[in-house]
Amino acid sequence: TSNRGVLSIIADTLSGYGAFGFYAPSINTRGQVAFEGLLPDFTTDGVFTGPDPKKNAVITSSDKLGGAPID
């Protein structure tokens, strides 16, 4: 991200991600970013909001939603 030309790294592969999705990250009016990330096991993916995949996970493919696994 950038604020007046100063770049900020939200997440990278050095902070616990294996790769990132093909979809562009989203940013809201408060400057919060959400993005698709793939964990280093290369089987778990999800939506994240920051550098720590455990603390910043919104939902991942290993979670359950309403008691059912997510496909």
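These figures come from a predicted structure and were not determined experimentally. (Residues numbered from 1 in each chain as written. Predicted model: local features only at pLDDT ≥ 70, side-chain atom pairs only at ≥ 80, totals over all residues. Heavy atoms only, no water.)

Is there a simple way to think about the confidence of the model for the protein in this case?
Should pLDDT be low for a region, the predicted coordinates there are not to be read in detail. On average, residues of the protein carry a pLDDT of 89, and 96% of them reach 70 or more. Between the elements of the protein, mean pLDDT differs from a low of 67, seen in strand β1 (residues 2-3), to a high of 95, seen in strand β5 (residues 33-38). (pLDDT = per-residue confidence, 0-100. Helix = DSSP H or I, 4+ residues; strand = E, 2+ residues; numbered from the N terminus.)

How should I be thinking about unusual backbone geometry in this particular structure?
One can expect most non-glycine residues to show negative phi and most peptide bonds to be in trans. In this structure, phenylalanine 42 takes a positive phi of about 55° despite not being glycine. Relative to the elements of secondary structure, phenylalanine 42 occurs in the loop between β5 and β6 (45-48). The exposure class of phenylalanine 42 is exposed, given its relative accessible area of 52%. (Buried < 20%, exposed > 50% of the residue type's maximum accessible area, 1.4 Å probe, protein only.)

Could you clarify how one ought to interpret the packing of aromatic side chains in this entry?
The geometry of two aromatic rings is summed up by the distance between their centres and the angle between their planes. Enumeration according to the criterion identifies five aromatic pairs in this entry. Here the aromatic rings of tyrosine 17 and phenylalanine 48 are separated by 5.2 Å at their centres, their planes lie at 75°, and the arrangement is edge-to-face. In this pair, tyrosine 17 is assigned in the loop between β2 (6-7) and β3 (19-20) and phenylalanine 48 in strand β6, connecting sequence segments 31 residues apart. Put simply, the rings of Tyr17, Phe20, Phe35 and Phe48 touch in pairs and so form one group of aromatic residues. (Phe/Tyr/Trp six-rings, centres within 6.5 Å; stacked < 30°, edge-to-face > 60°.)

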